[in-house]
Amino acid sequence: MSHINQLLYFISQTYRQVQLSVGKGATLYPYSEFARQVHALLAAVGNEDTARKLTIELVEEAAARNETTDYLRQKLVAAAG
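So, here's what we can say about the structure. (Residues numbered from 1 in each chain as written. Predicted model: local features only at pLDDT ≥ 70, side-chain atom pairs only at ≥ 80, totals over all residues. Heavy atoms only, no water.)

## Some points on the side chain of T55
Worth spelling out the cut-off: In this text, helices come from DSSP runs of H or I with a minimum length of four residues, and strands from runs of E with a minimum of two, each type numbered from the N-terminal end. The contact criterion used throughout is that any non-hydrogen atoms of two residues lie within 4.5 Å.
For T55, the position within the fold is in helix α3 (residues 48-64). Those residues within four positions of T55 in sequence are excluded, and the remaining contacts are F10, T14, F34, V38, L41 and L76.

What follows is the structure in structure tokens.
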């Protein structure tokens, strides 16, 4: 599997986890927006492993706190700075 395919697979699997474990917010949270935010986080952090870990931590935090996708969206934007 090529590097870009691995990254796209990670994003799609993480988005699936968002759908399963994070409450729905007031605004739709399509895959395309989530993917753009993860890519922005990667660009801001500059390290793919760190960006992956941070993305997972933010999703887990939102799920553990019973937050919505609106909360997760805000946290991803803030993390990308």
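## Observations concerning the pattern of salt bridges
The line we're drawing: A side-chain nitrogen of Lys or Arg and a carboxyl oxygen of Asp or Glu constitute a salt bridge if their distance falls within 4 Å. Categorising residues by exposure relies on relative accessible area from a 1.4 Å probe, with only protein chains included: less than 20% of the type maximum marks a residue as buried, more than 50% marks it as exposed, and the intermediate range marks it as partly exposed.
Following the criterion strictly, the structure yields six salt bridges and no others. Ionic pairing is found between R52 and E48, a salt bridge with its closest N-O pair at 2.8 Å. You can see R52 and its partner E48 sitting in helix α3, four residues apart, about one turn around the helix. The exposure class assigned to R52 is partly exposed, which follows from its relative accessible area of 22%. E48 sits in the buried class, given a relative accessible area of 18%. In this structure, E61 and K75 form a salt bridge, with 3.8 Å as the shortest nitrogen-oxygen distance. Of the two residues, E61 sits in helix α3 while K75 sits in helix α4 (residues 69-80), which places them 14 residues apart along the sequence. By relative accessible area, E61 is classed as partly exposed at 25%. A relative accessible area of 30% places K75 in the partly exposed class. Among the charged side chains, a network of salt bridges with common partners joins E61, R65, E67 and K75.

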